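A structural walkthrough
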Amino acid sequence: MASPGSKKLTGLVAATFTPLTPEGEINLAMIGPYIDFLLEKQGVRNVFVNGTTGEGMSFSVEERKRLAEEWCQRGKGKLEQVIVHVGCMSLKDSQDLARHAAEVGADGIAVIAPSFFKPSDADALRQFLQEVAATAQGLPFYYYHIPALTGVNLRARDVVEGIEKCIPSFHGLKFSGQDLLDFGQCVSYSQPHWSLLYGMDEQLLAALALGANGAVGSTYNYLGSKVNSLLSAFDKGELSQARNLQFQVQDVLSYAVKQGFDVAVNKQLMSEVSGLALGPPRLPLKPCPHPRILSIAQKVQQVL
Ligand SMILES: CC(=O)N[C@@H]([C@@H](O)[C@H](O)[C@H](O)CO)[C@@H](O)CC(=O)C(=O)O
């Protein structure tokens, strides 16, 4: 298990897809080859498991445990960090997953806002996060902000207000929102050991300019190498090169959106580009016709 003084999470973090068999069962055998692909072909050394891209909310607690365990075991000595998303509608399920993540050697956990019964204010959400974090004390904890999917439109800046008083293991946030005012205010409030991870791949450069330390996203599964170049151009102050690389990512994503882009399409795209058989999505997501995937994959190949 990671210690409180563990290495700060920076750089690219792939929000992983969950491999399924053609029959729709979790396919643990794909995780080893998936890790090798990320390391060898994308230069991506961190993963975010069971999140949105990984359809985490569509799996049972038992399935999520088996997935977390496999990613931690296979990633040991290879990946730098495995962050496990443990958010659920039920506080008890989240606590169970958080405890389990600590037991299997995750490097951190993240929690999304519950979205059926929504927290009425930032304090209610902080209390929910606190009760989850307390079951995995010492394991770095990240708040996962994704208002477009949760419908919880609390400002992240309000959520992190005084958060370390109730969550001593708080290490930062994964900000998957468009509101760069809110993101900037989180950065300016943050502590040096926090990681501010941005989650909208199409506008990462803007978040880097505001002080993001890294990024968690779905496209880093297959555009990781390209976006690593963007990060190093930005670090060297080569802004026009960084902008050019961001524009290429934007071209791919705006093309994909025009074709119809969701987690199911994205997963099939990853299978097509990587050659890894990741299988179908789980219902309610539905597979998409293959020609559409091929056309988006061609667009991806053009920028590689
Ligand atoms: C809504 C959504 O899926 N957002 C993605 C992005 O990486 C997104 O796919 C990308 O910016 C393209 O729109 C991530 O923020 C999600 C994520 O990190 C996760 O899987 O937990």
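Calculation rules
Residues numbered from 1 in each chain as written. Predicted model: local features only at pLDDT ≥ 70, side-chain atom pairs only at ≥ 80, totals over all residues. Heavy atoms only, no water. Near = heavy atom within 4 Å. Polar contact = N/O pair within 3.5 Å; in protein donor to acceptor, adjacent residues only side chain to side chain. Areas by Shrake-Rupley, 256 points an atom, 1.4 Å probe, with all protein chains shown as cover. Nonpolar A, V, L, I, M, F, W, Y, C, P; charged D, E, K, R; others polar. UniProt positions renumbered as here; feature names shortened; annotations may be inferred. Buried < 20%, exposed > 50% of the residue type's maximum accessible area, 1.4 Å probe, protein only. Contact = heavy atoms within 4.5 Å. Helix = DSSP H or I, 4+ residues; strand = E, 2+ residues; numbered from the N terminus.

Around the ligand there are 17 residues in total, and Thr53, Tyr144, Lys174, Gly199 and Glu202 lie nearest to it. At 2.6 Å from an oxygen atom of the ligand is found a side-chain nitrogen or oxygen belonging to Tyr144. A distance of 2.6 Å separates an oxygen atom of the ligand from a polar atom in the backbone of Gly199. Here the ligand, which alone exposes 490 Å², has 84% of that area covered by the protein. Residue classes in the shell around the ligand are distributed as 7 nonpolar, 7 polar and 3 charged.

Moving on: the UniProt feature "binding site: pyruvate" (unreviewed entry) in the protein chain. As annotated by UniProt and renumbered to match this structure, "binding site: pyruvate" (unreviewed entry) occupies Thr53 and Val216. For the residues just named, distributed over 164 residues, the greatest C-alpha separation is only 10.4 Å, placing them together at one site. By relative accessible area, Thr53 is classed as buried at 9%. Apart from the residues lying within four places of it in its own chain, the contact partners of Thr53 are Ala15, Thr16, Phe17, Ser218 and Val263. Looking at the element boundaries, Val216 is found in strand β8 (residues 214-217). The class of Val216 is buried, set by a relative accessible area of 2%. Residues in contact with Val216, not counting those within four places in the same chain, are Val13, Ala15, Phe48, Lys174, Leu197, Tyr198, Gly199 and Asp201.

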